[in-house]
Amino acid sequence: YGLASRRVLDTVREVVPVLEQLSFDEAFGEPAELVGATAGQVEEFCAELRRRIREQTGLVASVGAGSGKQIAKIASELAKPDGMRVVRRDEEPVLLAGLPVRRLWGIGPVAEEKLHRLGIDTVGQLAALTDAEVADILGATVGPALHRLARGIDDRPVAERAEAKQIS
């Protein structure tokens, strides 16, 4: 399994030199040629990437793309087990609004329970709160960051990091 994942990521690295690896089988990439690209161009890139992975490794891959890491991760999850999903900018608010709060990156069981007790079950409900309300509920540091993600604001850059230890 580990060797197969490494072969897949090596194949991806051929076209996306900077990868931020999250786990043995999951990574973020931000291809320079897609900066300012249309959704159609992103779809073509993703389809070609999936084709290359299958051709070079014999394995299938799910690929998700969006305006930031949060949306790309959600898109990838929607594409599983063997698909592709590009979330266009104008789709983001509707997509995020209906998701359970737990799908938001950074919301764990404790935060989820806290939010549920207050009647906040969806990302859209979290996004509708004020900054002060979210800070009161989730803390002054984590709250604002999660509130930004809930509103579709994610400008975290893709950056190389040490080899991932987690298996998901």
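That block above? That's the structure.
Computed from a predicted model, the values in this text were never measured in an experiment.

Caption draft 1: Structural view of the overall build of the protein chain. When helices and strands are tallied, the protein chain shows 8 helices and 4 strands. Radius of gyration (C-alpha) of the protein chain: 17 Å, near the 15 Å computed for a compact globule of 168 residues. The dimensions of the protein chain, computed from C-alpha atoms along their principal axes, are 50 × 35 × 25 Å. Contacts in the protein chain between residues at least 24 apart in sequence constitute 50% of all its contacts with a sequence separation of at least 6. When the accessible surface of the protein chain is summed, it comes to about 9,400 Å², and 55% of that surface belongs to carbon and sulfur atoms.

Caption draft 2: Focus on helix α3 (residues 69–79). Counting buried positions over the 11 residues of α3 gives 9, a clear majority of the element. Residues of α3 that are buried include every one of Lys69, Gln70, Ile71, Ala72, Lys73, Ile74, Ala75, Ser76 and Ala79, and no others.

Caption draft 3: Representation of the pairing of strand β2 (residues 26–29) in the model. Of the two faces of β2, only the one carrying Glu26 and Phe28 is buried; Ala27 and Gly29 on the other face are not. Where strand β1 (residues 19–23) hands over to β2, the hairpin turn is made up of 2 residues, counted between the paired strands.

Caption draft 4: The nonpolar core, seen in detail. Counting residues in hydrophobic clusters, the biggest one holds 22 residues, and the most contacted among them are Leu104, Ile107, Leu115, Ile120, Leu126 and Leu138. Put simply, the parts of the chain that give this core at least two residues each are α3, α4 (92–98), α5 (109–117), α6 (123–127), α7 (131–138) and α8 (142–150). Not counting chain neighbours up to four residues away, the residues in contact with Ile107 comprise Val101, Arg102, Glu112, Leu115, Leu138 and Leu146.

Caption draft 5: Representation of the environment of Leu19 within the structure. You can see Leu19 is positioned in strand β1. Classification of Leu19 by relative accessible area gives buried; the value is 3%. On a C-alpha basis, the gap between Leu19 and Asp121 in space is 33 Å, while along the polypeptide they are 102 residues apart. Among all residues touching Leu19, those that are not within four sequence positions of it are Leu9, Val12, Arg13, Ala27, Phe28, Gly29, Val158, Ala159 and Glu160.

Caption draft 6: Representation of the pattern of salt bridges. Evaluation of the coordinates by the stated rule reveals 17 salt bridges. Among the ionic pairs, Arg52 bridges to Glu14, the shortest N-O distance being 2.8 Å. Residue Arg52 is located in helix α2 (residues 39–57), and its partner Glu14 is located in helix α1 (residues 2–15); the two are separated by 38 residues in the primary sequence. A relative accessible area of 48% means that Glu14 is categorised as partly exposed. We note a salt bridge from Glu92 to Arg89, for which the minimum N-O separation is 3.1 Å. Given a relative accessible area of 3%, Glu92 falls into the buried group. When salt bridges with common partners are traced through the structure, they connect Glu26, Lys73, Glu77 and Arg103 into a single cluster.

Caption draft 7: View of unusual backbone geometry. The amide bond that connects Lys80 to the next residue, Pro81, takes the cis arrangement and shows omega of 15 degrees. Topologically, Pro81 is positioned in the loop between α3 and β4 (84–86).

Caption draft 8: A look at the environment of Ser67. Tracing the sequence through the fold places Ser67 in the loop between β3 (63–65) and α3. With near-sequence residues (within four places) excluded, Ser67 lies in contact with Arg89, Glu92 and Asp154. One polar contact links Ser67 to Glu92, side chain to side chain, over a distance of 2.6 Å.

Caption draft 9: Structural view of the packing of α7 against α8. At a closest axis distance of 7 Å, the pairing of α7 and α8 adopts a crossing angle of 125 degrees. Between α7 and α8, the angle falls in the class oblique. With respect to the hand of their crossing, α7 and α8 are arranged in right-handed fashion. Where α7 abuts α8, its residues Asp131, Val134 and Leu138 lie against Val142, Gly143, Pro144, Leu146 and His147.

Definitions and limits used
Residues numbered from 1 in each chain as written. Predicted model: local features only at pLDDT ≥ 70, side-chain atom pairs only at ≥ 80, totals over all residues. Heavy atoms only, no water. Helix = DSSP H or I, 4+ residues; strand = E, 2+ residues; numbered from the N terminus. Rg over C-alpha atoms; globule rule 2.2 N^0.38 Å. Contact = heavy atoms within 4.5 Å. Areas by Shrake-Rupley, 256 points an atom, 1.4 Å probe, with all protein chains shown as cover. Buried < 20%, exposed > 50% of the residue type's maximum accessible area, 1.4 Å probe, protein only. Pairing = 2+ DSSP bridges. Core = buried A, V, L, I, M, F, W, Y, C linked by side-chain atoms within 4.5 Å. Salt bridge = Lys/Arg side-chain N within 4 Å of Asp/Glu carboxyl O. Polar contact = N/O pair within 3.5 Å; in protein donor to acceptor, adjacent residues only side chain to side chain. Axes fitted to C-alpha atoms, helices over the stretch in contact; angles between N-to-C directions. Parallel < 35°, antiparallel > 145°, perpendicular 65-115°, else oblique. Left-handed = near helix turned anticlockwise from the far one by under 90°.

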